[in-house]
Amino acid sequence: MAQHGTTLFPRMDMGHGNMDGPACKVSMLWNWYTIDACFLHQSWQITTRGAFAATCIGIMLMVVMLEFLRRLAKEYDEWIVRDFRRRSALISEQQQRRRLRPQQRQTSPSCGTAAEAANGKTGPLATTSVVTGRRRGYRGRKMTTTTTTLKFRASPLQQLIRAVIHAVMFGLGYLIMLLAMYYNGYVLISIWIGALLGKFLCDWLTVKFEIPSEDEEEGEEEMMVDGFRDEVPRPQVVEDATVCCG
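Definitions and limits used
Residues numbered from 1 in each chain as written. Predicted model: local features only at pLDDT ≥ 70, side-chain atom pairs only at ≥ 80, totals over all residues. Heavy atoms only, no water. Core = buried A, V, L, I, M, F, W, Y, C linked by side-chain atoms within 4.5 Å. Buried < 20%, exposed > 50% of the residue type's maximum accessible area, 1.4 Å probe, protein only. Helix = DSSP H or I, 4+ residues; strand = E, 2+ residues; numbered from the N terminus. Contact = heavy atoms within 4.5 Å. 1 Å grid on protein atoms, 1.4 Å probe; cavity = no way out; pocket = protein on both sides within 12 Å on 5 of 7 lines; lining within 4 Å. Points joined across faces, edges and corners; volume = space filled by probe spheres on them. Nonpolar A, V, L, I, M, F, W, Y, C, P; charged D, E, K, R; others polar. Disulfide = S-S within 2.5 Å. Axes fitted to C-alpha atoms, helices over the stretch in contact; angles between N-to-C directions. Parallel < 35°, antiparallel > 145°, perpendicular 65-115°, else oblique. Left-handed = near helix turned anticlockwise from the far one by under 90°. Salt bridge = Lys/Arg side-chain N within 4 Å of Asp/Glu carboxyl O.

A. How the structure looks around the nonpolar core. In terms of nonpolar packing, the biggest core is built from 19 residues, with Phe-39, Leu-172, Ile-176, Leu-179, Val-187 and Ile-191 touching the most fellow members. Elements with a minimum of two residues in this core: helix H1 (49-99), helix H3 (156-180) and helix H4 (185-202). Apart from the residues within four sequence positions on either side, Ile-191 is in contact with Ile-59, Val-63, Ile-176 and Ala-180. Counting five residues, the second largest nonpolar core, distinct from the first, contains Tyr-76, Ile-80, Phe-84 and Phe-152.

B. Empty space enclosed by the protein, seen in detail. For the structure shown, the criterion picks out one cavity of 30 Å³ or more. Reported here for the largest cavity is a volume of approximately 40 Å³. In terms of lining residues, the largest cavity is bounded by Lys-25, Val-26, Ser-27, Asn-31, Tyr-33, Ala-37, Cys-38, Phe-39, Tyr-182 and Asn-184. Secondary structure elements with two or more residues in the lining of the largest cavity: strand E2 (24-27) and strand E3 (38-39). By residue number, the principal contributor to the lining of the largest cavity is E2, which donates three residues. The class makeup of the residues in the lining of the largest cavity is six nonpolar, three polar and one charged.

C. Representation of the state of the cysteines. For the structure on display, the rule yields one disulfide. Two residues share a disulfide in this structure: Cys-24 and Cys-38, whose sulfurs sit 2.1 Å from each other. Its S-S torsion of about -65° marks the bond between Cys-24 and Cys-38 as left-handed, since a negative value means left-handed. Taken as a pair, Cys-24 in strand E2 and Cys-38 in strand E3 lie far apart in primary sequence, 14 residues in all.

D. Highlighting the packing of H1 against H3. Relative to each other, H1 and H3 sit at 155°, their axes nearing to 10 Å. Regarding the angle of H1 to H3, the classification is roughly antiparallel. Both H1 and H3 take part in a crossing whose hand is left-handed. In terms of residue class, the contact of H1 with H3 is built from 19 nonpolar, two polar and three charged.

E. Structural context of the pattern of salt bridges. Summed over all chains, the structure comprises eight salt bridges. The closest approach of N and O atoms between Arg-97 and Glu-93, which form a salt bridge, is 2.7 Å. Of this pair, Arg-97 and Glu-93 both sit in helix H1, four residues apart, roughly one helical turn. Judged by its relative accessible area of 51%, Arg-97 falls in the exposed class. Residue class for Glu-93 comes out partly exposed when judged on its relative accessible area of 36%. Salt bridges sharing partners connect three or more residues here, namely Arg-71, Lys-74, Glu-75, Lys-199 and Asp-203.

Spelled out as structure tokens, the structure:
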């Protein structure tokens, strides 16, 4: 007789449709089934203790792989952003060089340099130049602050890679969720251990602080005298907001 909350499904031979072997044990309540327990499909039926141990190890590796994919997706996004920052720094440097040569100024210097720098492997680039204010600087000279906004987009290949990583992570997360819904104590413990190992191995906390040198501090004081204000360096922390299924 089946226990309360336990459903026994006869194992079917897919070739002939006859009952073959012991029934699968499936429960919607907390259980500690090992032998004859089935997961996801009748073909995944545990027949030996060694097979059940391999199942638990496989589930742990699935959770570790999920954490690895989460970290991979984040690292890939950060790599794209670093490439955008490098290109924006190149555009800013080109603009500063043009400002030092008034005879070669153009009406919109940012558009030409942006088009040259955007001629790479990333997607479209949009630029916007806005005059934010005028003020008197050193020795009473009038100074104009112009803010150039650069908008980068990932290339189709980069976006495809991001989508593939997200799809694999999404599917793997839901498979783990379905395995957890069997309420098998050993399976749940394997998921928890896999999450612990995945977090420990794939998401090591990294904090980056920028400490200015004495020369930089003197330069900041001069900028404050001229009317400029520099931002206080802030720590850059690698964050990972994860949810159940990616």
